Amino acid sequence: MAIADSVPGVSGGTIAFLLGFYDKFIGSINNILSGTKEQRRNSLKFILKLGIGWVIGFLLSVLILSSFFQSNIYQISSLFLGLIIFSIPIIVMAEKDCLKGKYANLIFTAIGIIIVCLITYYNPVSGEGSSIDLTNISLPLTLYVFIAAIITISAMVLPGISGSTLLLAMGLYLPMIMAIKEVFHLNMEYLPMLLVFAVGLVAGIFSVIKIVKYFLDKHRSQTVYLIIGLMIGSTYAIVMGATTLEVPQPAMTLQTFHVLFFILGGVILLGLELMKRRMVSE
């Protein structure tokens, strides 16, 4: 999830959904807010395990893998395309009870595709970098970073919409990556804005979860059709991901598409699916 969240065009929520623990993820956060004592304890254990893995994965992405993304973006994008495309039939089969016979809800799939494509197409800073200085602390910048964090984490929770892509659109993706690196090099000028961003992430995730859980519980068919649309739309975001790098590169084409990495994405998904089924059976 963390590696996906750190790559523009891919959502960690997509990974959670295709691996089958999206409902548990949403339900656990909701239980922490309003569950019984037992539900809160069990949910907290799950979120802590997931959270530790996410933090480790994200730090690895920022500190080690970011340069790899730059030099191998087309291979990484091809792999994520494989993960997304091969996952869609698996999700359809898993959710067939709420999808079958309700084909009028395909309109929500179309809406999901349009949302992600529009966000990606109208990204105002794609290929242009960013000039936002996170060391120049001011009230407007603090409010902007806080609100951006709420929007970003809301997107990361939803399968298909990339929080990294929205950060790019708001001009904060590269400054945030740079700020994290600087803090790890003990440059504490960036720490205040990172803390503001962290508070915004917490506020955002707890505010959006109840909305997502409500729609999954009360309008599951429409929500799943929408999520499938968001995932289909994310393939366009992945194709355009190279244009959003610190050193912009052309969007992926058939010439830069790597079929072996695409197949590898499917193989990884199959391995994770088999692992998931084995754990469920045990």
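In the block above lies the structure referred to throughout.
Thresholds, definitions, all that
Residues numbered from 1 in each chain as written. Predicted model: local features only at pLDDT ≥ 70, side-chain atom pairs only at ≥ 80, totals over all residues. Heavy atoms only, no water. Salt bridge = Lys/Arg side-chain N within 4 Å of Asp/Glu carboxyl O. Helix = DSSP H or I, 4+ residues; strand = E, 2+ residues; numbered from the N terminus. Buried < 20%, exposed > 50% of the residue type's maximum accessible area, 1.4 Å probe, protein only. Axes fitted to C-alpha atoms, helices over the stretch in contact; angles between N-to-C directions. Parallel < 35°, antiparallel > 145°, perpendicular 65-115°, else oblique. Left-handed = near helix turned anticlockwise from the far one by under 90°. Contact = heavy atoms within 4.5 Å. Nonpolar A, V, L, I, M, F, W, Y, C, P; charged D, E, K, R; others polar.

Trainee: Just to check I follow, could you spell out the pattern of salt bridges for this structure?
Mentor: Between side chains of opposite charge, a pair can form as their charged atoms come close. Counted by the stated rule, this structure contains four salt bridges. Lys213 is paired through a salt bridge with Asp217; the nearest N and O atoms lie 2.7 Å apart. In this pair, Lys213 and Asp217 are both assigned in helix 11 (residues 191-218), four residues apart and thus about one turn of the helix distant. Taking relative accessible area as the criterion, Lys213 reaches 22% and is therefore assigned partly exposed. Among the charged side chains, a salt-bridge network with shared partners connects Asp23, Glu95 and Arg220.

Trainee: Any chance you could explain the packing of helix 5 (residues 73-94) against helix 12 (residues 220-239) here in plain terms?
Mentor: Angle between the axes and distance between the axes: these two values describe a pair of packed helices. Where helix 5 meets helix 12, the closest approach of the two axes is 10 Å, and the angle between their N-to-C directions is 165°. Overall, the two elements helix 5 and helix 12 adopt an arrangement that is roughly antiparallel. Seen from above, helix 5 lies across helix 12 with left-handed handedness. Along the contact surface, helix 5 presents Ser77, Phe80, Leu81, Ile84, Ile85, Ser87, Ile88, Ile91 and Val92, while helix 12 presents Ile228, Met231, Ile232, Ser234, Thr235, Ile238 and Val239. Taken together, the residues that form the contact of helix 5 with helix 12 break down as twelve nonpolar, four polar and no charged.

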